[in-house]
Amino acid sequence: DQITMRSKFRGAMLGSLMGDCLGAPYEFCDITPGTKMQIQKYFDDLGDPNLKPQPFKKYTDDTAMLKSMAKFLIDKPEPDFNFLAKLFVKEFFSEPRRGYGENVVEVFCKLRDTKCGDAFSPAKTQFNGQGSYGNGGAMRVAPVALFYHSDYQKMLEVAEKATNVTHTHLLGVNGALLQCIAVQQALMIDPKNKINAKKFCHEIFKKIRFLETKGGQDRHDVESEECTYQLKMKIVENFLSRKFDDEFDDEVIICLGNGVSAHESVATAIFCFLKALDDDIPYIKTDDIYRRTIQYAISLGGDTDTIACMAGAICGAYLGEDALNKNLMKHCEKYKDIIELADNLFDAHSAPVNEY
Ligand code: R7I
Ligand code: MG
Ligand code: MG
Ligand code: MG
């Protein structure tokens with residue numbers, strides 16, 4: 001129903017924000033068993049209703065770009081990618097110190113110098129013409145999944161083009177599509193129903209395999225980049241059947257990754273969400289599924305803001321706003337703005353289409 005869907009839009013947007021803000025202080029820190037205990041305490045402390053939210057946990061580029069993605073969908077009846085490029089450029093040059101990826105800055109400069117006349121040209125020249133496979137497309141894609149959740153083909157088309165403004169490498173693009181599919185799938189599940197993690201994982205596997213093999217038209221080498229994400233989802237499925245032990249996290253990091261590349265982070269985020277549905281991570285002590293999701297993502301180390309942001313978006317899309325801990329939320333910079341943005345996105349999505 002409408003009430004649930006509005007709450008799910010808020011959940012996905014806030015879920016992203018909170019993962020980004022709460023994950024950012026741990027980005028690329030050394031993670032030891034001691035650090036995992038510290039992270040437990042960090043969450044326990046922030047969850048205390050008496051702790052003042054000062055200073056705020058600041059959001060990073062993940063949220064800065066997510067906000068632009070939402071505005072792009074809200075402000076125009078049809079997607080206008082030059083408008084999206086302008087929003088990215090404006091946001092970047094007004095607050096450049098939000099921890100953006102090292103190479104994406106070049107794209108913003110070229111876009112600015114050409115007045116965003118061709119949104120797609122600058123990104124194509126990244127990395128000697130290969131395009132970037134950073135996770136920047138995936139980290140900001142959630143609004144597309146929300147807005148187009150009832151038009152799957154359009155969702156994929158807009159997600160791909162919105163990614164192409166900064167990322168054109170196949171792995172950067174397919175990583176964003178994988179995250180988009182995961183958020184949409186979580187959104188469609190009634191939060192009163194328990195998710196079957198393996199089934200959820202297998203559904204995503206089938207969808208990404210279909211995209212990677214273009215509906216099975218061509219023959220593909222399973223070792224190639226064209227099959228990367230279906231392999232990753234198989235690995236996720238295998239980890240879901242394993243019991244937690246001392247080597248578990250290290251093997252997750254080796255097999256799924258925790259880096260800034262899309263292929264080393266998006267499947268990891270999906271895994272964090274699905275693993276956290278069960279309360280069997282020994283060093284994480286909380287009944288709160290959302291907290292467990294982002295706490296686990298952060299405890300894996302590496303690109304913590306982004307992996308927690310993506311895992312948080314999926315979890316928030318499933319559970320909705322009410323399942324997100326208000327005490328944790330109030331420590332996150334501009335969370336009220338994100339709620340307003342989520343509501344505007346919801347209203348724009350459900351507004352009747354103009355007929356001319
Ligand atoms: O993808 P992007 O927007 O970065 C997002 C990440 C998130 O973790 C944010 O929180 C922020 O910290 O950055 O920005 P890009 O600069 O396009 O890509 C990020 C990094 O991925 C690059 O700086 C490279 O280190 C790496 N990378 C590549 N390396 C070699 N070859 C991306 N594409 C390539 C490549 O083709
Ligand atoms: Mg960031
Ligand atoms: Mg536990
Ligand atoms: Mg990051």
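Residues numbered from 1 in each chain as written. Chains lettered and ligands numbered in written order. Predicted model: local features only at pLDDT ≥ 70, side-chain atom pairs only at ≥ 80, totals over all residues. Heavy atoms only, no water.

Attention now goes to the overall build of the protein chain. Summing up its helical and strand segments, the protein chain has 18 helices and zero strands in all. Over its C-alpha trace the protein chain gives a radius of gyration of 19 Å, about what one expects of a compact globule, namely 21 Å for 356 residues. Dimensions of the protein chain, computed from C-alpha atoms along their principal axes, come out at roughly 55 × 50 × 40 Å. Classification of the 356 residues of the protein chain by burial places 57% in the buried group. (Helix = DSSP H or I, 4+ residues; strand = E, 2+ residues; numbered from the N terminus. Rg over C-alpha atoms; globule rule 2.2 N^0.38 Å. Buried < 20%, exposed > 50% of the residue type's maximum accessible area, 1.4 Å probe, protein only.)

A few words on the coordination of the magnesium ion (ligand 4). Protein-derived ligands of the magnesium ion (ligand 4) are Glu27 (OE), Asp303 (OD), Asp305 (OD) and Thr306 (OG1), with the metal-ligand distances lying across 2.0 to 2.8 Å. Each of the six donor atoms bound to the magnesium ion (ligand 4) contributes to angles spanning 79 to 171°, and the resulting shape is octahedral. Between the magnesium ion (ligand 4) and the magnesium ion (ligand 2), the interatomic distance is 3.6 Å, and Asp305 donates to each metal, bridging them. The burial state of Asp303 is the same as that of Thr306; both residues are buried. (Donors = N, O, S within 2.8 Å, 3.2 Å for Na, K, Ca; no water. Tetrahedral: all angles 85-135°; square planar, octahedral: opposite > 155°, others 65-115°.)

Protein ligation of the magnesium ion (ligand 3) involves Ile281 (O) and Ile284 (O), the donor distances falling in the range 2.3 to 2.8 Å. When sorted by exposure, Ile281 lands in the same class as Ile284, which is buried.

As a further point, take the site of ligand 1. The local shell around ligand 1 holds 20 residues, among which Asp62, Asn103, Ser132, His167 and Asp303 are the closest. Here His167 contributes a side-chain N or O atom positioned 2.6 Å from an oxygen atom of ligand 1. Bound to the protein, ligand 1 loses 85% of the 700 Å² it would expose on its own. Those elements that place two or more of their residues in the shell around ligand 1 are helix H3 (61–75) and helix H16 (304–319). (Near = heavy atom within 4 Å. Polar contact = N/O pair within 3.5 Å; in protein donor to acceptor, adjacent residues only side chain to side chain. Areas by Shrake-Rupley, 256 points an atom, 1.4 Å probe, with all protein chains shown as cover.)

A word on the packing of aromatic side chains. This structure, assessed with the given rule, holds 18 aromatic pairs. Taken together, a centroid distance of 5.4 Å and an interplanar angle of 50° make the contact between Phe72 and Phe81 tilted. Summarising the burial analysis for this pair, Phe72 and Phe81 share the class buried. Plain terms: the ring middles of Phe239 and Phe271 are 5.9 Å apart, the flat faces sit at 55° to each other, and that makes the pair tilted. Placement of Phe239 in helix H12 (residues 228–240) and of Phe271 in helix H14 (residues 266–276) is noted, with a sequence separation of 32 residues between them. Within the aromatic cluster, the residues linked to one another by ring pairs are Phe239, Phe244, Phe248, Phe271, Tyr283 and Tyr296. (Phe/Tyr/Trp six-rings, centres within 6.5 Å; stacked < 30°, edge-to-face > 60°.)

Summary statistics for the protein chain give a mean pLDDT of 95 and a share of 97% for residues scoring 70 or more. The ipTM assigned to the predicted complex is 0.97, against a pTM of 0.97. (pLDDT = per-residue confidence, 0-100.)

What tends to happen in soluble globular proteins is that the nonpolar side chains get buried as a cluster. Membership of the largest hydrophobic core comes to 119 residues, with the highest contact counts inside it found for Val144, Met233, Leu274 and Tyr296. No other element matches the eleven residues that helix H10 (residues 170–187) contributes to this core. The residues contacting Val144, other than those within four sequence positions of it, are Met69, Leu73, Met155, Val158, Ala159 and Cys180. (Core = buried A, V, L, I, M, F, W, Y, C linked by side-chain atoms within 4.5 Å. Contact = heavy atoms within 4.5 Å.)

Moving on, we come to the side chain of Ser7. Of note, Ser7 is situated in helix H1 (residues 2–23). Here Ser7 falls in the buried class, since its relative accessible area comes to 17%. Excluding residues within four positions of it along the chain, Ser7 makes contact with Gly320, Glu321 and Asp322.

Moving on, we get to H14. Among the eleven residues of H14, eleven are classified as buried, and the element is accordingly described as predominantly covered. The set of residues buried in H14 consists of Val266, Ala267, Thr268, Ala269, Ile270, Phe271, Cys272, Phe273, Leu274, Lys275 and Ala276.

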